[in-house]
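Survey of secondary and tertiary structure
Listed below are the residues making up each chain.
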Amino acid sequence: MTVPRIDLETTVTRDQPVTQATGSIQVSTDELDDDTITLSFGGPWGITYADLTPEDAHAVATALEDAATAHQEGSADE
């Protein structure tokens, strides 16, 4: 994989049983396949990967942006 374009430190909540631990979220491209974007969640439990198409990655990015914008607008109204 290439050097992550995005590397976020965050709290990740997992099921079975529900636990919280500090983890990270990374987004990178596959060095062998430019059409694959890898989204990974890592922490003490290990790393979970999801390979996305460019269209799927764009949909995730749009959903995150929409949610962040709605939160900012909601916070401004208070």
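A few points on the structure.

About the thresholds
- Counting restarts for each chain: residues are numbered from 1 in the order of the written sequence.
- Thresholds applied to this predicted model are a pLDDT of at least 70 for local features of residues and 80 or more for the giving and counting of side-chain atom pairs; totals over whole chains, interfaces and linings are not thresholded and use all residues.
- The basis for every side-chain value is the complete set of non-hydrogen atoms in the structure, without hydrogens or water.
- The secondary structure listing takes helices from DSSP runs of H or I that are at least 4 residues long and strands from runs of E that are at least 2 residues long, numbered from the N terminus.
- Throughout, exposure labels follow a simple rule: accessible area from a 1.4 Å probe, protein chains only, divided by the maximum for the residue type, with under 20% read as buried, over 50% as exposed, and the rest as partly exposed.
- For this analysis, residues touch if any pair of their heavy atoms sits within 4.5 Å.
- Paired strands, in this sense, are two strands between which DSSP finds at least two bridges.

1. A look at the overall build of the protein chain
- If you tally the helices and strands in the protein chain, you get 1 helix and 4 strands.
- Along the protein chain, from the amino end to the carboxyl end, the secondary structure elements read β-β-β-β-α.
- A burial count over the protein chain gives 19% of its 78 residues as buried.
- The contacts in the protein chain between residues at least 6 apart in sequence include a share of 15% that link residues at least 24 apart.

2. Details of the pairing of strand β4 (residues 46–52)
- Here strand β3 (residues 33–43) runs beside β4; their pairing, made up of 7 bridges, is antiparallel. Counted as the bridge partner of T38 is D51 from β4.
- Here β3 folds back onto β4 in antiparallel fashion, the turn holding 2 residues.

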